[in-house]
Structures are given as C-alpha cells and as structure tokens.
Amino acid sequence: MVLLGLGIGASYLALAGFILIVGVGTAVLLPDEQVAWKRPVTKPPWRERLGALQDRNFLWVLISRLTVNIGNALGTALLLFFLLYGVGSPADSAEDDLLVLIVIYTIFVVAASLIAGSISDRTGKRTSIVIIAALVQALSAVMILISPTFLGTAIAAGVMGIGYGAYMAVSLALATDLLPRVEHHARDLGIVNVSASLGQLLGPLIGAGLVALVGGFWLLFLAAGILSVIGAVMTAAVRPTRVSPPPHPVGR
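Here's what I pulled together on the structure shown here.

Conventions used here
- Residues numbered from 1 in each chain as written.
- Predicted model: local features only at pLDDT ≥ 70, side-chain atom pairs only at ≥ 80, totals over all residues.
- Heavy atoms only, no water.
- Axes fitted to C-alpha atoms, helices over the stretch in contact; angles between N-to-C directions.
- Helix = DSSP H or I, 4+ residues; strand = E, 2+ residues; numbered from the N terminus.
- Parallel < 35°, antiparallel > 145°, perpendicular 65-115°, else oblique.
- Left-handed = near helix turned anticlockwise from the far one by under 90°.
- Contact = heavy atoms within 4.5 Å.
- Nonpolar A, V, L, I, M, F, W, Y, C, P; charged D, E, K, R; others polar.
- Core = buried A, V, L, I, M, F, W, Y, C linked by side-chain atoms within 4.5 Å.
- Buried < 20%, exposed > 50% of the residue type's maximum accessible area, 1.4 Å probe, protein only.
- Patch = residues over 30% accessible without salt bridge, like charges linked within 9 Å, V, L, I, M, F, W, Y side chains within 5 Å.
- Areas by Shrake-Rupley, 256 points an atom, 1.4 Å probe, with all protein chains shown as cover.
- Salt bridge = Lys/Arg side-chain N within 4 Å of Asp/Glu carboxyl O.
- Expected span 1.5 Å × (residues − 1).
- Phe/Tyr/Trp six-rings, centres within 6.5 Å; stacked < 30°, edge-to-face > 60°.
- Polar contact = N/O pair within 3.5 Å; in protein donor to acceptor, adjacent residues only side chain to side chain.

### What about the packing of helix α3 (residues 56-76) against helix α9 (residues 218-236)?
Packing of α3 against α9 leaves a shortest axis separation of 8 Å and a crossing angle of 160°. Classed by the angle they form, the pair α3 and α9 counts as roughly antiparallel. Crossing geometry of α3 relative to α9 is assigned as left-handed. Across the interface between the two elements, Trp60, Ile63, Ser64, Thr67, Val68, Ile70, Gly71, Leu74 and Gly75 of α3 pack against Leu220, Phe221, Ala223, Ala224, Leu227, Ser228, Ile230, Gly231, Met234 and Thr235 of α9. Looking at the contact of α3 with α9 residue by residue, the classes come out as 12 nonpolar, 7 polar and no charged.

### Overview of the nonpolar core
Grouped together as the largest cluster of nonpolar side chains are 38 residues, with contacts concentrated most on Leu74, Tyr167 and Leu220. Only α3, α4 (79-87), α5 (91-123), α6 (127-146), α7 (150-177), α8 (185-214) and α9 provide two or more residues apiece to this core. Residue contributions to this core peak at 9 residues, all from α7. Those residues in contact with Leu220 that sit more than four places away from it in its chain are Leu74, Leu78, Gly207, Leu210 and Val211.

### Structural notes on the side chain of Thr153
For Thr153, the position within the fold is in helix α7. Every residue in contact with Thr153, bar those within four places of it in the chain, is listed here: Leu79, Phe82, Val87, Leu101, Ile144 and Ser147.

### As for a nonpolar patch on the surface
Residues Leu139, Val142, Leu145, Ile146, Leu213, Val214, Trp218, Leu222, Ile226 and Ile230 make up a contiguous nonpolar surface patch of roughly 900 Å² in combined accessible area. Elements with a contribution of two residues or more to the nonpolar patch: α6, α8 and α9. Note on placement: Val142 falls in helix α6.

### Some thoughts on α7
Across its 28 residues, α7 extends 40 Å between first and last C-alpha, which sits within 8% of the 40 Å expected from 1.5 Å per residue. With respect to burial, α7 is a largely interior element, 20 of its 28 residues being buried.

### Re the packing of aromatic side chains
Geometrically, a pair of aromatic rings is defined through the distance of the ring centres and the angle of the planes. Counted according to the given criterion, the structure contains 2 aromatic pairs. Taking 5.4 Å as the distance between ring centres and 75° as the angle between the ring planes, the aromatic pair formed by Phe82 and Phe217 counts as edge-to-face. Here Phe217 lies in the loop between α8 and α9 and Phe82 lies in helix α4, a separation of 135 residues in the sequence. The class of Phe82 is buried, set by a relative accessible area of 3%. Between Phe82 and Phe221, the aromatic rings sit 4.9 Å apart at their centres with planes inclined by 70°, giving edge-to-face as the arrangement.

### Remarks on the environment of Gln137
Structurally, Gln137 is set in helix α6. Taking the C-alpha atoms as reference points, Gln137 and Val159, 22 residues apart in sequence, are found 6.7 Å from one another. A polar contact of 3.3 Å, which involves the side chain of Gln137, links it to the side chain of Asn72. A distance of 2.9 Å separates polar atoms of two side chains, one belonging to Gln137 and the other to Ser228.

Next up, the structure:
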C-alpha cells in the first residue's frame, strides 16, 4: 500500500475492502456441492466427535505444520530488527530493505507453491516433497547464520520462500488425503489451518524471547532451522494408507 501512496489508515481500509471483495466473490461464484449424508438421530460417541484427530498420521501432519510454521515465523517476523541491529542497515533505509526482502520472499512462495503442487499432483508424491521443502526452509536459516549481510539475507529470503511455499501447498494436500469423513472436511481442514496460523502467532513471541536471551539474532535463526528440521522428521513419520471414503448414503 505504501507504493500506492496511501496512509496507514487508508491502507488498512483498502486491504479490508480487497479481502471483502475477494472473499465474498469467491464464496458466491464457487459451486457449493452438497454432501449426500444423513444426519444421525442421536449424538455420536465422543471419540467419533474427535474426527480426524484420532488418526495418528493426521496428528503428525498437524504437529509438523505447527512446528514448521513456528520456524518460518522465527525467520521472518523479526526481519526489520535484524536489518537494523544484525545487518546494520541505516534506520532511514531499513524499511525499504525489508520491502525488498518481502517481495523476494513472496514471489518465491507463490512460484514454489504452484510448481510443487503441480509436481505433487502429477506424481502423487506428498510426503517426500513436504520433507524436502521443510529442509529447504532450514537451509535458509543456515545461510543467514553463515552470511548475516543484506545480500545473504536476500538470497536466504528466496530460499525460504521456495521451502515454505512448497511446504504449505503440499502439506495441505497431504492433510486432505488423510481426512477420514467427507462430512467433516470443513471442520478438519479448519483445524489444519489453525495449526499453521498458531505457528505464525507463536513464532514472533518465541523469537523476541530468544533475541533478548542472547542479545543477538544467532539463536533466533538457529532455532528456526532446528524447528524446520524437526518438522521434516515428523512428516517422515506419516504413513498415509487411505483417502477419504465416500459419504454415507442418504436414507430412502
């Protein structure tokens, strides 16, 4: 919004309007397929209400998405402060440098998600791509640790965008493959999204504590890399054995 010459208040209003138009337009234009299932007369047992959370593989995917997203937030949320106090960018140009990093990161996130998602759909491979993507994100943290300069950070931003974009696209497809009941897809996918959003919420809080603990940024990026690797290991524990079965037939 800065590029459009808008102030802070006008920028938020423009963003809110954009989200409103896109969200409502998508909901109205997309077909709403009806799921053919009969609502049970009695309440299901409490274990059945847990839905996909009972599935070991689905739980591994949820925890790995939470972990990788915390690692991603550690590597992105405090970049402005890293530029100011880690790289040494002048205060009057640090925000411009941050904008460059955001653009680089975003371009690679979008490109990687489209390419990795297409490859996953064609080959049917989910787990291996997700593991590689998480390790690529970990590599970006190592790159910043080795070269804490603006150029090194810019290259690492592109690498992190590749890893995170591929991870989020294919891990979501992997989670979708593990959903056990069609009539619970909206709820279960909501849980999948919450696991990612929670990671992005916790990351900055944890990151600020790590920076304050050591008085620098090395522990922040080290933790980002370690958590990304842990997320890859968790994904390796996933053993998908089924796809979503058809819904219950409607009673006649």
